[in-house]
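Structural overview for review
Here are the chains, one letter per residue:
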Amino acid sequence: MKILVSACLLGENCKYNGKNNFNSLVAELANSFEIIPICPEVFGGLTTPRLPSEINGEFVINEAGVDVTYEFNKGANLALQIALKENIKYAILKEKSPSCGVNKIYDGNFNGTLLTGKGITCQLLEKNGIKCYNENEIDLLLVDLK
């Protein structure tokens, strides 16, 4: 079985600050599943490093006030194309990310406030029948796979 995974969780330095969010439990899934890494923000043409971005209403805005909604949507669509081509049904995505957040995202004010919500890529994947989990929900994924 193939699982779509945020590349930063696998140690790829594609996070906005040029670093990663390596998670050993996520990486261990490669022992049992075929992992397909994605970084929608990079797919959308954003550089690494880049200014942090947050969802503000209908738009994704970076810290300098620049609208990067187009790049986020482009990256989400490319991630979806990969998922559909690979017949992927499950994804593990980075929580709090404006692309990949599964349950929580920042509120758009760049003050560290979280709210209930989903990132652009998570929304699109789920709309197309792909079940998304964050890096702290691996146990839930494994239950669903049984």
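Here, every reference points to the structure presented above.
The present account deals with the structure reproduced in this document. (Residues numbered from 1 in each chain as written. Predicted model: local features only at pLDDT ≥ 70, side-chain atom pairs only at ≥ 80, totals over all residues. Heavy atoms only, no water.)

**Some thoughts on the side chain of Asn21**
The following threshold applies: In this text, helices come from DSSP runs of H or I with a minimum length of four residues, and strands from runs of E with a minimum of two, each type numbered from the N-terminal end. Distance and chemistry together define a polar contact, namely a pair of N or O atoms within 3.5 Å, with one atom able to donate a hydrogen and the other to accept it when in protein, and with adjacent residues in sequence counting only for side-chain atoms on both sides. Any pair of residues with heavy atoms lying within 4.5 Å of one another is described as a contacting pair.
Within the secondary structure, Asn21 sits in the loop between β1 (2-6) and α1 (24-28). A distance of 3.1 Å separates a polar atom in the side chain of Asn21 from a polar atom in the side chain of Lys15. Excluding residues that lie within four positions of it along the chain, Asn21 makes contacts with Cys8, Leu9, Lys15 and Lys94.

**Thoughts on the environment of Ile82**
Structurally, the position occupied by Ile82 is in helix α3 (residues 69-85). Sequence separation between Ile82 and Gly45 is 37 residues; the distance between their C-alpha atoms is 16 Å. Each residue touching Ile82, except ones within four places of it in the same chain, is listed here: Leu4, Ile36 and Phe43.

**Structural notes on the environment of Thr121**
Quick note on the threshold: Partly exposed residues are those whose accessible area sits between 20% and 50% of the maximum for their type, while under 20% is buried and over 50% is exposed, using a 1.4 Å probe and protein chains only.
With respect to the secondary-structure elements, Thr121 resides in helix α4 (residues 120-127). The class for Thr121 is buried, based on a relative accessible area of 0%. Expressed as a C-alpha distance, the spacing of Thr121 and Cys132, which sit 11 residues apart in the sequence, is 9.9 Å. Other than its neighbours up to four places away in sequence, Thr121 contacts Ile38, Pro40, Ala76, Ala79 and Ser99.

**A look at the nonpolar core**
Quick reminder of the rule: Buried Ala, Val, Leu, Ile, Met, Phe, Trp, Tyr and Cys residues form a nonpolar core when they are joined through side-chain atoms within 4.5 Å.
Ranked by internal contacts, the top residues of the largest apolar core, which has 24 residues, are Leu4, Ala91, Leu93, Leu125 and Cys132. Of all the elements in the fold, those that place two or more residues in this core are β2 (34-38), α3, β5 (90-93) and α4. With 5 residues, α3 is the single largest residue contributor to this core. Discounting chain neighbours no more than four positions away, the residues touching Leu93 are Ser6, Leu9, Ile38, Cys100, Val102, Cys122, Leu125, Cys132, Tyr133, Asn134 and Glu135. If you look at the next biggest cluster of nonpolar residues, it comprises 16 residues, including Ala7, Cys8, Val26 and Leu29.

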